[in-house]
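Residue strings, one per chain:
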Amino acid sequence: MKRSEILEKARQCVCEDRDKQYGHPEDNFGKIAELWSAYRGELFLRRDVAMMMALVKIARIYAGESIDSYIDLAGYAACGGELATESREPKGEEEPFPNGLITALSEETGDVFVSLGSSAPRERFYFHSDGKWIGLDNHSGDAWVEEFDSEEACLSWLRSEHEEEETE
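Values in this document were obtained by computation on a predicted structure and should not be read as measured data.

**Student:** How should I be thinking about the confidence of the model for the chain in this particular structure?
**Tutor:** One rule of thumb: low pLDDT means the predicted coordinates there are not for detailed reading. Summing up the model confidence of the chain, the mean pLDDT is 82 and the portion of residues at 70 or higher is 86%. Confidence drops under pLDDT 50 across residues 87–99; counting only partners more than four residues distant or on other chains, this segment forms 35 contacts.

Structural data, given as structure tokens:
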């Protein structure tokens, strides 16, 4: 099979067949990332799901070559590449921002990350809990946590360099 044929098969899988079966990869990978995060108590992003699924395909190729595994590998690489380069992010996932990402979490995962404190991944997170929006900024390893009445106020705080303001 020629590489152009492999890539076309991967395109059909990712953009047509799998979309119909599982929905958009962004949404499906988001749910998988959330479940993995809750299970392990550490953050997994959608692009992590794409790369780890690609590693599964590489392991399968190592165990016994199959053209399907090469096609799937190309598909996961394409999904991961899109997630890494697209500025469009669905609600409840990663929001682009100049110094990294602000990642929305489920309440359960958010509670785990707050309890981890500075051991949480070095990123910025937010989630909704008991009518409040909770922001967790651990991008510097200092684990700042604040409560807000609105999502907009929470995101505004996470986008700011509040830690410098607080220490002055």
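**Student:** What is the right way to look at the pattern of salt bridges in this model?
**Tutor:** Between side chains of opposite charge, a pair can form when the charged atoms approach closely. Overall, the coordinates contain 6 salt bridges when judged by the stated rule. For Lys132, the salt bridge identified is with Asp149, shortest N-O distance 2.5 Å. On the criterion of sequence distance, the pair formed by Lys132 in strand S4 (residues 132–137) and Asp149 in the loop between strand S5 (144–148) and helix H6 (151–159) is long-range, its members being 17 residues apart. On the basis of relative accessibility, which here comes to 62%, the residue Asp149 falls in the exposed class. The structure contains a network of salt bridges with shared partners spanning Glu8, Arg11 and Glu16.

**Student:** Looking at this model, I keep getting lost on helix H2 (residues 25–40). Mind explaining?
**Tutor:** Residues lying three or four places apart along an α-helix face the same way, a consequence of the helix completing one turn every 3.6 residues. The end-to-end C-alpha separation of H2 is 22 Å, in line with the 22 Å expected for 16 residues at 1.5 Å each. Pro25, Glu26, Phe29, Gly30, Ala33 and Ser37 are the residues of H2 that are buried. The arc that holds the buried residues of H2, viewed along the axis, is 125 degrees, so those residues lie on one side. H2 presents Leu35 and Tyr39 as exposed residues on the side facing more than 90 degrees away from its buried surface. Check the buried side of H2 and you find it contacts helix H1 (3–22), helix H3 (46–63), helix H4 (67–85) and helix H5 (107–116). At the C-terminal side of H2, Gly41 shows a positive phi close to 70 degrees.

**Student:** Looking at this structure, I do not really get the layout of surface pockets. What am I missing?
**Tutor:** Empty space left among the atoms is revealed by rolling a probe the size of a water molecule over them. Computed from the structure, the largest pocket encloses a volume of approximately 360 Å³. Lining of the largest pocket is provided by 18 residues; of these, Arg18, Tyr22, Asn28, Phe29 and Tyr76 occupy positions nearest its centre. Elements that contribute at least two residues to the lining of the largest pocket include exactly H1, H2, H3 and H4. The leading source of residues in the lining of the largest pocket is H1, at 6 residues. Broken down by class, the residue content of the lining of the largest pocket amounts to 11 nonpolar, 3 polar and 4 charged. Around the second largest pocket, the lining comprises 15 residues; the ones closest to its centre are Val14, Cys15, Ala78, Cys79 and Glu82. Contributions of two or more residues to the lining of the second largest pocket are made by H1, H2 and H4. Tallied by class, residues from the lining of the second largest pocket come to 8 nonpolar, 2 polar and 5 charged.

About the thresholds
- Residues numbered from 1 in each chain as written.
- Predicted model: local features only at pLDDT ≥ 70, side-chain atom pairs only at ≥ 80, totals over all residues.
- Heavy atoms only, no water.
- pLDDT = per-residue confidence, 0-100.
- Contact = heavy atoms within 4.5 Å.
- Salt bridge = Lys/Arg side-chain N within 4 Å of Asp/Glu carboxyl O.
- Helix = DSSP H or I, 4+ residues; strand = E, 2+ residues; numbered from the N terminus.
- Buried < 20%, exposed > 50% of the residue type's maximum accessible area, 1.4 Å probe, protein only.
- Expected span 1.5 Å × (residues − 1).
- Arc of directions from axis to C-beta.
- 1 Å grid on protein atoms, 1.4 Å probe; cavity = no way out; pocket = protein on both sides within 12 Å on 5 of 7 lines; lining within 4 Å.
- Points joined across faces, edges and corners; volume = space filled by probe spheres on them.
- Nonpolar A, V, L, I, M, F, W, Y, C, P; charged D, E, K, R; others polar.

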